[in-house]
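Summary of the model geometry
The primary structure of each chain is shown beneath.
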Amino acid sequence: MTIKASCHCSATTFEVSQAPETVTQCTCSFCSKRGALWAYYTPSQFKLTSPLKNVSFYWWGSKTIKHGFCATCGCGTFTETPDWSTGKPDFGNPKISVNSRLFDDFDLDQVEVVIIDGKNLW
């Protein structure tokens, strides 16, 4: 089941290969200000369908996570990140986290929201 997504102005579009089982609400300063609900995928499950030039990137703090946003309207779109499931970055197992609030024609209310305490973890 491919799910398509777009930013507010539709200059940045992407798709993922399946619906998320859960989405993550992180309480760190960046994520809480951005308001995203993150769904995690492997790079092969994610496809940017608009030109890469439509995406700008922000590297914060440790420069470990590459945060993407639409270069036109500013919507936070996706991040390129190592796997953090062990509590430490696993650079050999990259992940793409997408802002699931941007999914088109998808009922996000049917997906469990998992809260992580990023405010106190990093």
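Keep in mind it's a predicted model, so treat the numbers as computed, not measured. (Residues numbered from 1 in each chain as written. Predicted model: local features only at pLDDT ≥ 70, side-chain atom pairs only at ≥ 80, totals over all residues. Heavy atoms only, no water.)

**Focus: the overall build of the chain**
- Across its full length, the chain carries two helices and ten strands.
- Walking the chain from its N terminus toward its C terminus, one meets helices and strands in the order β-β-β-α-β-β-β-β-β-β-β-α.
- Summarising its shape, the C-alpha atoms of the chain cover approximately 35 × 30 × 30 Å along the three principal directions.
- In the chain, which comprises 122 residues, the share counted as buried stands at 39%.
- Long-range pairs, those at least 24 residues apart, make up 55% of the contacts in the chain between residues at least 6 apart in sequence.
- If you sum the accessible surface of the chain, you get close to 7,100 Å²; carbon and sulfur atoms cover 51% of it.
- Across the chain, the centroid of the 11 positively charged side chains sits 11 Å from that of the 11 negatively charged ones. (Helix = DSSP H or I, 4+ residues; strand = E, 2+ residues; numbered from the N terminus. Buried < 20%, exposed > 50% of the residue type's maximum accessible area, 1.4 Å probe, protein only. Contact = heavy atoms within 4.5 Å. Areas by Shrake-Rupley, 256 points an atom, 1.4 Å probe, with all protein chains shown as cover. Lys, Arg positive; Asp, Glu negative; His and termini not counted. Charge placed at Lys NZ, Arg CZ, Asp CG, Glu CD.)

**Side note on the pairing of strand 9 (residues 90–99)**
- Bridge count between strand 4 (residues 38–41) and strand 9: four bridges; the pairing is antiparallel. Looking across to strand 9, one finds that tryptophan 38 is bridged to asparagine 99.
- Two elements, strand 8 (residues 76–83) and strand 9, share six bridges in a ladder whose sense is antiparallel. Pairing of aspartate 83 across the sheet is with aspartate 90, part of strand 9.
- Here strand 8 folds back onto strand 9, and the loop between the two strands holds six residues, one of which, glycine 87, carries a positive phi near 95 degrees. (Pairing = 2+ DSSP bridges.)

**Some remarks on the sheet that holds strand 2 (residues 13–16)**
- Taken in spatial order, the three strands of this open sheet run 1-2-5, and their pairing is antiparallel. Sheet topology places strand 1 (3–6) and strand 5 (46–48) at the edges, where each strand pairs with a single neighbour. Sheet twist, expressed as the mean angle between neighbouring strand axes with direction ignored, is 20 degrees.
- Sheet topology places strand 1 next to strand 2; four bridges connect them, and they run antiparallel. Bridging across to strand 2, serine 6 finds its partner in threonine 13. (Axes fitted to C-alpha atoms, helices over the stretch in contact; angles between N-to-C directions.)

**What to know about the environment of glycine 68**
- Turning to its location among the elements, glycine 68 is positioned in strand 7 (residues 66–70).
- Spatially, the C-alpha atoms of glycine 68 and serine 97 are 9.9 Å apart, while their sequence positions differ by 29 residues.
- Among all residues touching glycine 68, those that are not within four sequence positions of it are Arg34, Val55, Ser56, Phe57, Cys75, Gly76, Thr77, Phe78 and Thr79.

**So, unusual backbone geometry**
- The backbone of serine 10 sits at a positive phi, close to 70 degrees, despite the residue not being glycine.
- Tracing the chain through its elements places serine 10 in the loop between strand 1 and strand 2.
- A positive phi angle is found at lysine 63, which is not glycine, with a value near 60 degrees.
- Of note, lysine 63 is situated in the loop between strand 6 (55–59) and strand 7.

**Section: the pairing of strand 2**
- By the alternation rule, side chains of strand 2 split into Thr13 and Glu15 and Phe14 and Val16, which are all buried.
- The antiparallel pairing of strand 1 with strand 2 creates a hairpin that spans six residues between the two strands, and serine 10 there sits at a positive phi of about 70 degrees.
- When strand 2 meets strand 5, the two strands line up antiparallel, connected through three bridges. Residue glutamate 15 lies in a different strand from strand 5, and its bridge partner there is lysine 47.

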